[in-house]
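Observations on the model geometry
Take a look at the letters that make up each chain.
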Amino acid sequence: MPHLIIEHSAHLNISVYELVQAVHQGAERTQLFDPASIKTRAIAYNDYQLGSNHQGFIHVQAHIIAGRTVAQKQLLSETLLKALHSLVNGEQLHLSVHPYDLDPEIYRKN
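Residues numbered from 1 in each chain as written. Predicted model: local features only at pLDDT ≥ 70, side-chain atom pairs only at ≥ 80, totals over all residues. Heavy atoms only, no water.

With that settled, the discussion passes to the sheet that holds strand E4 (residues 93–102). Taken together, the four strands give an open sheet; going across it, the order is E2-E1-E3-E4, and neighbouring strands pair in mixed fashion. The open sheet has two free edges, formed respectively by strand E2 (39–45) and E4, since each of these has just one partner strand. Going across the sheet, the axis of each strand differs from the next one's by a mean of 15°, ignoring polarity. Sheet topology places strand E1 (residues 3–9) next to E2; seven bridges connect them, and they run parallel. In the strand pairing of E2, Leu-4 is matched with Thr-40. Here helix H1 (residues 16–29) sits on the sheet and contacts E1, E2 and strand E3 (56–65); the angle it forms with E1, its principal contact strand, is near 145°. Against the sheet, helix H2 (residues 70–88) touches E1, E3 and E4, its axis set at about 155° to E4. (Pairing = 2+ DSSP bridges. Helix = DSSP H or I, 4+ residues; strand = E, 2+ residues; numbered from the N terminus. Axes fitted to C-alpha atoms, helices over the stretch in contact; angles between N-to-C directions. Contact = heavy atoms within 4.5 Å.)

Rendered as structure tokens:
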């Protein structure tokens, strides 16, 4: 844990590989998780509409087991947002990060 799901517009001017690496390494830098447990993946969207002058978007969903403090969740979201900013080089992209709590009583994995 965590599961980091990167949703992004398909036409980014950055490598998706670099995007995945930056987010993954950002989660590692927080020292909130065992590095071996971090899972990161990206999903590209061809069809979307933004209500602004942004040319695209990157949104990170961070699914984590419930129990982290607000301060820990803020650290995670701020660290991941900084990682995104380091990649976009001033492009007009909408960037966002949202940690989600997973209820350990109903979350299952093998």
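Glancing now at H1. Count 3.6 residues to each turn of an α-helix, and residues three or four apart come out pointing the same way. Across its 14 residues, H1 extends 20 Å between first and last C-alpha, which sits within 8% of the 20 Å expected from 1.5 Å per residue. Inspection of H1 places Leu-19, Val-20, Ala-22, Val-23, His-24, Gly-26 and Ala-27 among the buried residues, and these make up the whole buried set. Taken together, the buried residues of H1 touch E1, E2, E3 and H2. At the N-terminal boundary of H1, the capping side chain belongs to Ser-15, with an oxygen 3.1 Å from the backbone nitrogen of Tyr-17. Phi turns positive one or two residues past the end of H1, at Gln-31, with a value near 60°. (Expected span 1.5 Å × (residues − 1). Buried < 20%, exposed > 50% of the residue type's maximum accessible area, 1.4 Å probe, protein only. Polar contact = N/O pair within 3.5 Å; in protein donor to acceptor, adjacent residues only side chain to side chain.)

Here we take up the pairing of E4. Bridging between E3 and E4 involves ten bridges; their strand directions are parallel. Within E4, the residue paired with Gln-61 across the bridge is His-98. At this point the chain moves from E3, through H2, to the parallel E4, and the crossover so formed is right-handed. (Right-handed = clockwise from strand over helix to strand, strands pointing away.)

Turning next to the nonpolar core. Counting residues in each nonpolar core, the largest one holds 25 residues, and the members touching the most others are Leu-19, Val-23, Ile-58, Leu-80 and Leu-84. Every element with two or more residues in this core is listed here: E1, H1, E3, H2 and E4. Top contributing element to this core by residue count: H2, with six residues. Setting aside anything within four residues of it in sequence, one finds Leu-80 in contact with Leu-4, Val-23, Gly-26, Ala-27, Val-60 and Val-97. (Core = buried A, V, L, I, M, F, W, Y, C linked by side-chain atoms within 4.5 Å.)

This paragraph deals with the side chain of His-8. Relative to the elements of secondary structure, His-8 occurs in strand E1. When sequence neighbours within four positions are dropped, the list of residues in contact with His-8 reads Val-16, Leu-19, Ala-42, Ile-43, Ala-44, Tyr-45, Phe-57 and Ile-58.

Our next topic: the packing of aromatic side chains. Scanning the entire structure with this criterion turns up two aromatic pairs. Both rings, one in Tyr-45 and one in Phe-57, keep their centres 6.1 Å apart while their planes meet at 45°; by these two values the pair is tilted. Residue Tyr-45 is found in strand E2, and its partner Phe-57 is found in strand E3; the two are separated by twelve residues along the sequence. Judged by relative accessible area, Tyr-45 falls into the partly exposed class, the value being 30%. Given the relative accessible area of 12%, Phe-57 is considered buried. Judged by centre distance (5.1 Å) and plane angle (75°), the rings of Tyr-48 and Phe-57 are edge-to-face. Through pairs of rings, three or more aromatic residues link up here, namely Tyr-45, Tyr-48 and Phe-57. (Phe/Tyr/Trp six-rings, centres within 6.5 Å; stacked < 30°, edge-to-face > 60°.)

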